[in-house]
Structures are given as C-alpha cells and as structure tokens.
Amino acid sequence: MKKFFKAFVYAWQGVLHAVKTQRNFRFHIVAAVYVTVFSFFYGFTRNEYVLLMLTFSTVVSAELINTAVEAAVDLCSPEQHKLAKIAKDAAAGAVLVAAIFAVVVGVLLFGDIAVIKEILEYYRSHIPALAGLICSLGLAWVFVFKTDR
C-alpha cells in the first residue's frame, strides 16, 4: 500500500517539475483557468464541461509526455543526433496537435457572439471585476514568463 501512495508522490513531483521548468505547461494551465472562469458565462451543460476537462487534460498530458521525452532524449543523447531531434520534434508535435484541437473546441464552445458581448458588457459595467481581471492577467504573465528556474 505504501508503494501505491508513493507513486502519487512521484507523479506530483513530475507535475511540479513541469510547472517549475516548462513555460508552455504554465501557459496551458493559465489558459485552462481562464477558459473555466469564462465558461460560467455560457451556462454549459455537463457534457460541454466534460469536453472542456478532456481537452484540458489532453493538452496538459501531452505537455508532460513531451517533457518526459525531452529529458529521456537528453539523458541518452546529450550530443545532437538526427534521431534525438526526431523524437523531440514528434513529442512537441503531439502537443501542437492537442493544442490545435483545444482551440477548435474553444471556438465551437465559446463562439457565441451574444455571450461574448455579454461578457464585455459585464466587465464594462463592473469596474472592480475588470480591475481584478487585469490584475490576474498581470499575475498570469509573471507566472508564465518569469517563473523559469
């Protein structure tokens, strides 16, 4: 039973490593948070939320796999090699495909112009909420672009 729970600890260490070292991973996490917040304006169904969660988890999982592939390739082939490049590029390509799919899902779910206008009107008429959004965007920028260790 102890080994079972240790596996979760190791898995979280992998996620935390990605948070600390992978800018794109942080970007995808921030995007998922904002998408979730804005989804409340849409009154999505349970199935639409399931689709969002599957989309988030696909992109984040692809980023984690990409990080693992890059680390393994760097360990096995510290010098540049054609096959190492192929492995890294293919792993990055998997993230790209997942991210493109996420954008398509986003456009399909969030493309209602009437709701977009409602969101804009909400922030125009609720200045404290707008200030909070702007502050959160600043914090998100720092988290994504200034956190590299």
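Just so you know, these numbers come straight off a predicted model, no measurement behind them.

Trainee: Is there a simple way to think about the environment of L51 in this case?
Mentor: Relative to the assigned elements, L51 resides in helix α3 (residues 46–76). Along the primary structure L51 and G106 are separated by 55 residues, whereas in three dimensions their C-alpha atoms are 9.9 Å apart. Every residue in contact with L51, bar those within four places of it in the chain, is listed here: V105 and L109.

Trainee: It is not clear to me how the packing of helix α5 (residues 113–125) against helix α6 (residues 127–145) should be interpreted in this structure. Could you clarify?
Mentor: For any two helices packed against each other, the geometry is given by the interaxial angle and the distance between the axes. Axis separation between α5 and α6 bottoms out at 5 Å; the angle between their running directions is 105 degrees. By the angle class used here, α5 and α6 are roughly perpendicular. Counted together, Y122, Y123, R124 and S125 of α5 and I127, A129, L130 and L133 of α6 form the full contact between these two elements. Residues that form the contact of α5 with α6 fall into these classes: six nonpolar, one polar and one charged.

Trainee: What's the story with the nonpolar core in this structure? I'm lost.
Mentor: Across soluble globular proteins, you tend to see nonpolar side chains buried next to one another. Y42, F44, L52, L109 and F110 are the most contacted members of the largest nonpolar core, which totals 16 residues. For this core, the elements supplying multiple residues, two or more each, are α2 (23–39), α3, α4 (82–110), α5 and α6. Each residue touching L52, except ones within four places of it in the same chain, is listed here: V35, S39, F44, L109 and F110.

Trainee: For this particular structure, what's the right way to read the environment of A98?
Mentor: Tracing the sequence through the fold places A98 in helix α4. On the basis of relative accessibility, which here comes to 8%, the residue A98 falls in the buried class. Considered as a pair, A98 and V59 are 39 residues apart in the sequence and their alpha carbons are 5.2 Å apart.

Trainee: What is the right way to read the layout of surface pockets from this model?
Mentor: In this structure, the largest pocket encloses a volume near 470 Å³. Contributing elements (two or more residues each) for the lining of the largest pocket: α2, α3, α4 and α5. Here the element with the most residues in the lining of the largest pocket is α2; it accounts for seven residues. Across the lining of the largest pocket, the residue classes tally to 18 nonpolar, three polar and no charged.

Trainee: In this structure, what is going on with the packing of α2 against α4? I would like to understand it.
Mentor: Remark: α2 packs on α4, axes separated minimally by 13 Å, with the N-to-C direction vectors making an angle of 15 degrees. Here α2 lies roughly parallel to α4, going by the angle between them. Remark: the crossing between α2 and α4 carries left-handed chirality. Residue-level inspection shows H28, V35, F38 and S39 of α2 in contact with α4, the latter providing V95, A99 and F110. Among the residues forming the contact of α2 with α4, the class breakdown is five nonpolar, two polar and no charged.

Trainee: Help me understand α6 in this model?
Mentor: Along an α-helix, a turn takes 3.6 residues, which lines up residues three or four apart on a common side. The end-to-end C-alpha distance of α6 is 27 Å, a good match for the 27 Å that 19 residues give at a rise of 1.5 Å each. Lining the buried residues of α6 we find α2 and α5.

Cut-offs used in this document
- Residues numbered from 1 in each chain as written.
- Predicted model: local features only at pLDDT ≥ 70, side-chain atom pairs only at ≥ 80, totals over all residues.
- Heavy atoms only, no water.
- Helix = DSSP H or I, 4+ residues; strand = E, 2+ residues; numbered from the N terminus.
- Contact = heavy atoms within 4.5 Å.
- Axes fitted to C-alpha atoms, helices over the stretch in contact; angles between N-to-C directions.
- Parallel < 35°, antiparallel > 145°, perpendicular 65-115°, else oblique.
- Nonpolar A, V, L, I, M, F, W, Y, C, P; charged D, E, K, R; others polar.
- Core = buried A, V, L, I, M, F, W, Y, C linked by side-chain atoms within 4.5 Å.
- Buried < 20%, exposed > 50% of the residue type's maximum accessible area, 1.4 Å probe, protein only.
- 1 Å grid on protein atoms, 1.4 Å probe; cavity = no way out; pocket = protein on both sides within 12 Å on 5 of 7 lines; lining within 4 Å.
- Points joined across faces, edges and corners; volume = space filled by probe spheres on them.
- Left-handed = near helix turned anticlockwise from the far one by under 90°.
- Expected span 1.5 Å × (residues − 1).

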